[in-house]
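# Remarks on the overall topology
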Amino acid sequence: NTPATTIRFVNHHNGAVGVYWLNFQGFLVYYETLARNASVSQTTFRSNAWVMLSSSFNCVGYVVTSGAPQYVIR
């Protein structure tokens, strides 16, 4: 049983980015789009993988969650 945690995504990229969870089958699951300089907190589980993609689907950030506060998009 993996404890829940909260991750905060902060978009300091030069444009909007999509936030995606990488599910256990290896597929990206869309969660939301963050405008430039926007942020959002997301409840997740430790060891979950998250990916942030630009509008042209380039990877601009990724993280595997732990219990520590994390800021992902730079």
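An account of the accompanying structure is given in this report.

### Overview of the environment of N58
Tracing the chain through its elements places N58 in the loop between β5 (49–54) and β6 (59–64). Its relative accessible area of 47% is what places N58 among the partly exposed residues. Between the C-alpha atom of N58 and that of V17, which follows or precedes it by 41 residues, the distance is 9.4 Å. Discounting residues that sit within four places of it in the chain, N58 has contacts with M52 and L53. At 3.0 Å, the side chain of N58 forms a polar contact with the side chain of S56.

### Some points on unusual backbone geometry
Even without a glycine there, the phi angle at S47 is positive, about 80°. When its relative accessible area of 57% is taken as the criterion, S47 is described as exposed. In this structure, F57 is a non-glycine residue whose phi angle is positive, near 65°. Here F57 is to be found in the loop between β5 and β6.

### Structural notes on the nonpolar core
Counting ten residues, the largest nonpolar core consists of I7, F9, V17, V19, W21, L34, V40, W50, M52 and V63. When residues of this core are traced back to their parent elements, those giving at least two are β1 (4–10), β2 (17–22) and β5. In terms of residues, this core owes the most to one element, β2, which gives three residues.

### Some points on the sheet that holds strand β3 (residues 28–34)
In space, the four strands of this open sheet follow the order β3-β2-β5-β6, with antiparallel pairing throughout. The two strands at the open ends of the sheet, each matched to only one other strand, are β3 and β6. Across the sheet, the axes of successive neighbouring strands diverge by a mean angle of 20°, strand direction being ignored. With six bridges joining them, β2 and β5 adopt antiparallel strand pairing. The residue of β5 that forms the bridge with Y20 is V51.

Cut-off values and rules
- Residues numbered from 1 in each chain as written.
- Predicted model: local features only at pLDDT ≥ 70, side-chain atom pairs only at ≥ 80, totals over all residues.
- Heavy atoms only, no water.
- Helix = DSSP H or I, 4+ residues; strand = E, 2+ residues; numbered from the N terminus.
- Buried < 20%, exposed > 50% of the residue type's maximum accessible area, 1.4 Å probe, protein only.
- Contact = heavy atoms within 4.5 Å.
- Polar contact = N/O pair within 3.5 Å; in protein donor to acceptor, adjacent residues only side chain to side chain.
- Core = buried A, V, L, I, M, F, W, Y, C linked by side-chain atoms within 4.5 Å.
- Pairing = 2+ DSSP bridges.
- Axes fitted to C-alpha atoms, helices over the stretch in contact; angles between N-to-C directions.

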